[in-house]
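Listed below are the residues making up each chain.
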There are 2 protein chains.
Amino acid sequence: MTQFSTEDLLDPPAYPSVGYAVLADQIGVVMRSFDDIVFVQAEAVVALEAVAASLAKPGLRVLNVVTSMYGDYFATWLRRGGADVENVVAKLGRPVELAAFQAALDAMEQVDVVVLVHGEAANGVLNPLPQIAEAAKARGALLVVDAVASIGAHPFEVQTLGIDIAVIGPQKGLGGPAGLSAISVSEAAWARIAEAPALRLSTLSLLDLKENWLDRGADALPGTPAPLEFWALDAALNRIDAEEDGIETVVERHQVAARATRAGLRALGITPWIEDDASASALVTAAPIPEGIVPEELVAATKAIEDAAISPGVGGVETLLVRLNHTGLRAAYRPVLANVVAYGRALASLGHEVDVDAAIEAVAKAYQDAEPAGSTE
Amino acid sequence: MTQFSTEDLLDPPAYPSVGYAVLADQIGVVMRSFDDIVFVQAEAVVALEAVAASLAKPGLRVLNVVTSMYGDYFATWLRRGGADVENVVAKLGRPVELAAFQAALDAMEQVDVVVLVHGEAANGVLNPLPQIAEAAKARGALLVVDAVASIGAHPFEVQTLGIDIAVIGPQKGLGGPAGLSAISVSEAAWARIAEAPALRLSTLSLLDLKENWLDRGADALPGTPAPLEFWALDAALNRIDAEEDGIETVVERHQVAARATRAGLRALGITPWIEDDASASALVTAAPIPEGIVPEELVAATKAIEDAAISPGVGGVETLLVRLNHTGLRAAYRPVLANVVAYGRALASLGHEVDVDAAIEAVAKAYQDAEPAGSTE
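In this text, all values refer to a predicted model and were calculated from it rather than measured experimentally. (Residues numbered from 1 in each chain as written. Chains lettered and ligands numbered in written order. Predicted model: local features only at pLDDT ≥ 70, side-chain atom pairs only at ≥ 80, totals over all residues. Heavy atoms only, no water.)

## Some words on the sheet that holds strand β10 (residues 321-325) of chain A
All names here are of chain A. Spelled out, the test is: Between any two strands, pairing holds if DSSP finds at least two bridges. The helix and strand labels rest on DSSP assignments: H or I over at least four residues marks a helix, E over at least two residues marks a strand, and numbering proceeds from the N terminus. Only C-alpha atoms enter the line fits that serve as axes; for helices the fit covers just the stretch in contact. Angles between N-to-C directions range over 0 to 180 degrees. Note on contacts: a residue pair is in contact if any heavy atoms of the two residues lie within 4.5 Å.
The 3 strands lie next to each other as β8-β10-β9, forming an open sheet whose pairing is antiparallel. At either margin of the open sheet sits one strand with a lone partner, and together these are β8 (284-288) and β9 (310-312). Recorded for the sheet is a direction-independent mean angle of 30 degrees between the axes of neighbouring strands. Relative to β10, β9 runs antiparallel, the two being bridged by 3 bridges. Bridge pairing links S311 to R323 in β10. Each of β9 and β10 is contacted by helix α11 (residues 295-302), which is oriented at about 165 degrees to β9, the strand it contacts most. With respect to the sheet, helix α12 (residues 333-349) is in contact with β8, β9 and β10, its orientation differing from that of β10 by roughly 150 degrees.

So, in structure tokens, the structure goes:
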């Protein structure tokens, strides 16, 4: 059991220079990547902007999948650098449809880059990464994947899927710090970046990271690394290593949490916002806001159960769904049960009929069926 | 006495939304600023790039003081945005000369912005901020100051000096975390930023910080704030508040450390790299590398004393000077003495005659004279 005292955060030792390459290797293992891993010393949205700013050039043809505001952000960043961006926009709060993606791909004479968010914490979507990857590769396009809200919760295999650029943050599925992020970059991606107008001496320059760190032997990081963030990443990766099957155990824990949550919702008499289990995030589960229920009242009513963590959807779906959070330490029996019961009781209190007892039973059964990976503690 | 265990860094509580505005007020007190304070959720060099990127526009006329590579960086960032930048470049490792600055200022028909690094950790320089501020104000120019390596070590008064934009990081003189930074922005500066081509939806956009945080009541920060960094800032600012005279006590402690270090050097028989005490940093003291001494050998020889922290100068002065670090916890009798003795013994071991006993006496005397602010522990 850990403790938290803010005074203990003062005057930490510097993170040792030799440690960064070790952390990068551990990140590589988690992502199943054999490519270069570089660190961005800020939250993952900075890494995403850096990827876009470093790739963009006039005439670069990009097919960009939009399943939340992050897809819109990426298009903005790419266009700022002169790229031609074609968006394939999914229905609000829904995964991209493969037919729509394929049609958009087929309609493009040439495709240099395909961009996809794997999992969406904003609305609980999981996009069909393996199929998108196959289609992108078939067109010879570079594949860029935002895996910030899928790493640690879903299988994510950079090498197997041929992902050229993958961005992760440690603060969700990996249970690590929020103030740094990491990018896996393939040789083909470095070559493409080298073709763009050289963005140098910038927070947003991947070339700087390559020349000032990788090409200098991956020793001391450039700039002023934040020791707390790297020590916390170290601890989080070691905690994953200590699991029986490492990252696979962590992924399975999130998968069980999602299964139990979805079983609980169905037992309540509610169809999960994303009906198809294979298209649903294992970090958060989106539950619908039934007709006649006021979203703010629903969220407020869930606060009656302290252990629950339920918040409105983000990015245009605020009135359509709430998100039951089972990320990291919350991917466990008690928080999952608290979420389902809080959602169920809140609906009941607002006059919507649900079967809370059946939901409790369903969550417990999902955890029993999942032993031992999803132990009930 | 604090302890450090990396496991304690896992799963920190979120920093409370209501706390950010309180932290901003505390930063305002430390800077003596009545202006808006915004946080950049990354190390201070990101905040500096954001300032340049947010101010720059074609035709903006900037006088930029260069006393280390940071001045060069700032010119690069401003020019990227189309600004006309006039550099006034000091001699290597020296503060800017006021006559040279005034001549450069006089030579410009119009000056929109003056940019200055207050203190330089790279070479131990302290630039003449009050005089530069007065001259800049006399021309009606906006004044931008990088105070990352002076805050907490030298008096820094945003309001009194009329500084329009001041950038700080907590990790040096304030003894705080490295992974965030803060900017004080005057009304005139916001107006100037509003005239620039709107940089939006970017890590480097100050307008984003204004609209997404200040204008929304300075509640929850946008993005994914790193809790470890904000809790550590909280602890560091509270530690300063707990000092008898707050930030003034912290500044005096650094001033005493600098005085004692410089007295020690002179007693060794060495003239400090910066002869004028008023032009020297109180975070690091630059000591010369005497003729005939090989820089790498000097630095290596100082490692014989474990408590010393002596490193080569940075930014072209590597062969000219070493830096005796007395920043934060090191602004105290023992680390200061260790630095001076290590430097002296290293010189002696390389055949350069020095009086180490006299230096020990001089450091002790400087601390005795300074009681109680610079207590010998």
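## A closer look at the pattern of salt bridges
Side-chain pairs of opposite charge can arise whenever the charged atoms involved come near each other. The condition that has to hold: Each reported salt bridge corresponds to a side-chain nitrogen of Lys or Arg within 4 Å of a carboxyl oxygen of Asp or Glu. Exposed residues in this analysis have more than 50% of their type's maximum accessible area, buried residues have under 20%, and partly exposed residues fall in between, with area computed by a 1.4 Å probe over protein chains only.
Within this structure, the stated rule accounts for 34 salt bridges over all chains. Here R253(A) makes a salt bridge to E243(A), at a shortest N to O gap of 2.9 Å. One end of the pair, R253(A), is in helix α10 (residues 247-268); the other, E243(A), is in the loop between α9 (227-241) and α10, and 10 residues separate them in sequence. When the shortest N-O distance is used, the salt bridge between E252(B) and R259(B) registers 3.2 Å. Of the residues examined, E252(B) reaches a relative accessible area of 27% and is grouped as partly exposed. Connected through shared salt-bridge partners, K57(A), R61(A), D112(A), R192(A) and E195(A) make up one network.

## Brief notes about the domain arrangement of chain A
Residues and elements named next belong to chain A. Put simply, the test is: Annotation comment: domain bounds sourced from an automatic or database domain assignment. The term buried area refers to how much accessible surface (probe radius 1.4 Å) is lost by two components on association, counted for both of them together. Any pair of nitrogen or oxygen atoms within 3.5 Å is treated as a polar contact; in protein, a donor-acceptor pairing is required on top of that, and neighbouring residues in sequence qualify only through side-chain atoms on both sides. As a working rule, the residues Ala, Val, Leu, Ile, Met, Phe, Trp, Tyr, Cys and Pro are called nonpolar, Asp, Glu, Lys and Arg charged, and the rest polar, with Gly in that last group.
Each assigned domain of chain A is listed with its residue range as follows: domain 1 (8-241) and domain 2 (247-370). Computed from C-alpha coordinates alone, the two centres of domain 1 and domain 2 are separated by 29 Å. Carbon and sulfur atoms make up 61% of the area that domain 1 and domain 2 hide from each other, which totals about 2,000 Å². At the surface where domain 1 touches domain 2, the tally comes to 1 salt bridge. A salt bridge links E248 to R32; its shortest N-O distance comes to 3.2 Å. Scanning the region where domain 1 abuts domain 2 turns up 12 residue pairs in polar contact (both at pLDDT 80 or more). For the side of domain 1 that touches domain 2, the class distribution of residues is 13 nonpolar, 7 polar and 5 charged.

## So, the relation of the copies chain B and chain A
Selection criterion: Only residues with pLDDT of at least 70 in both copies count here: their C-alpha atoms drive the least-squares fit that superposes the copies.
Mapping chain B onto chain A calls for a screw motion: a turn of 180 degrees about the axis and a shift of 0.0 Å along it, with 0.0 Å RMSD after fitting. Such values leave the two copies arranged in the relation of a two-fold axis. Identified as the residue of chain B closest to the rotation axis by C-alpha distance is A42(B), at 2.7 Å. Most of the interface of chain B is mirrored in chain A: 100% of its interface residues are interface residues there too.

## Comments concerning helix α7 (residues 187-195) of chain A
Residue and element names in this part refer to chain A. The following threshold applies: Note that the arc is defined by the directions from the helix axis to the C-beta atoms.
Taken together, the buried positions of α7 are A189, W190 and I193. Each buried residue of α7 lies within a common arc of 100 degrees when the element is viewed along its axis, so the set occupies one face. Away from its buried face, by an angle of more than 90 degrees, α7 presents the exposed residues E187 and A194. Turning to α7, the residues buried within the fold contact β1 (36-40), α2 (44-55), β5 (142-146), β6 (165-168), β7 (181-185) and α8 (206-212).

## Some details on the packing of aromatic side chains
To describe a pair of aromatic rings, you give the distance between the ring centres and the angle between the ring planes. Using the following cut-off: The rule is short: rings of Phe, Tyr and Trp, with Trp giving its six-membered ring, pair when the centres are within 6.5 Å, and they are stacked under 30 degrees, edge-to-face over 60, tilted in between. Each ring is checked for a lysine NZ or an arginine CZ that lies within 6 Å of its centre and within 35 degrees of its normal; such an atom marks a charge sitting over the ring.
With the rule as written, the count across this model stands at 22 aromatic pairs over all chains. An angle of 80 degrees between the planes, with centres 5.4 Å apart, marks the rings of Y70(A) and Y73(A) as edge-to-face. Of this pair, Y70(A) and Y73(A) both sit in helix α3 (residues 69-80), 3 residues apart, roughly one helical turn. Geometrically, the ring pair formed by F74(B) and W77(B) is edge-to-face, given 6.0 Å between the ring centres and 70 degrees between the ring planes. Pair noted here: F74(B) and W77(B) are both in helix α3 (residues 69-80), with a separation of 3 residues, about one helical turn. Neither F74(B) nor W77(B) differs from the other in exposure class; each is buried. A network of ring pairs unites the aromatic residues F4(A), Y15(B), Y20(B), F39(B), W213(B), F230(B) and W231(B) as a single cluster. The cationic tip of K210(A) hangs over the ring face of W190(A); the distance from NZ or CZ to the ring centre is 5.4 Å.

## Some remarks on unusual backbone geometry
Of note in this structure, A218(A) is not a glycine but carries a positive phi near 50 degrees. Within the fold, A218(A) resides in the loop between α8 and α9. A positive phi angle is found at D11(B), which is not glycine, with a value near 55 degrees. By the element assignment, D11(B) lies in the segment before α1 (19-31). The exposure class assigned to D11(B) is partly exposed, which follows from its relative accessible area of 31%.

## Some words on the sheet that holds strand β5 (residues 142-146) of chain B
Residues and elements named next belong to chain B. Strand order across the open sheet formed by 7 strands is β1-β7-β6-β5-β4-β2-β3, with mixed pairing between neighbours. Edge positions in the open sheet fall to β1 (36-40) and β3 (84-89), since each of these has one partner strand only. Between one strand axis and the next, the sheet turns by 15 degrees as a mean value, whatever way the strands run. Where strand β4 (residues 113-117) meets β5, 5 bridges bridge the pair, whose relative direction is parallel. Paired with L116 across the bridge in β5 is V145. Seen against the sheet, α1 touches β1, β6 (165-168) and β7 (181-185) and runs at an angle of roughly 115 degrees to β1.

## Points about the interface of chain B and chain A
Tallying the contact residues gives 44 residues for chain B and 44 residues for chain A. In this assembly, chain B packs against chain A so that about 3,700 Å² is buried in total across both faces, 61% of it on carbon and sulfur atoms. Of all residues in chain B, the largest losses of buried area upon contact with chain A belong to F4(B), L10(B) and L201(B), amounting jointly to 16% of the total for that side. Linking chain B with chain A are 12 residue pairs in polar contact (both at pLDDT 80 or more). Looking at which element gives the most residues to the side of chain B that touches chain A, the answer is helix α9 (residues 227-241) of chain B, with 8 residues.

## A look at the packing of helix α2 (residues 44-55) of chain B against α3(B)
Residue and element names in this part refer to chain B. Operational definition: In what follows, roughly perpendicular refers to angles from 65 to 115 degrees, roughly parallel to angles under 35, roughly antiparallel to angles over 145, and oblique to any angle outside these ranges. Here a crossing is taken to be left-handed if its near helix is turned anticlockwise relative to the far helix by less than a right angle, and right-handed if that turn runs clockwise.
At a minimum axis separation of 8 Å, α2 and α3 run at an interaxial angle of 40 degrees. Looking at the two axes, α2 sits oblique to α3. In the crossing of α2 with α3, the sense of the turn from one axis to the other is right-handed. Together, V45, L48, E49, V51 and A52 of α2 and F74, W77, L78 and R80 of α3 make up the contact between the two elements.

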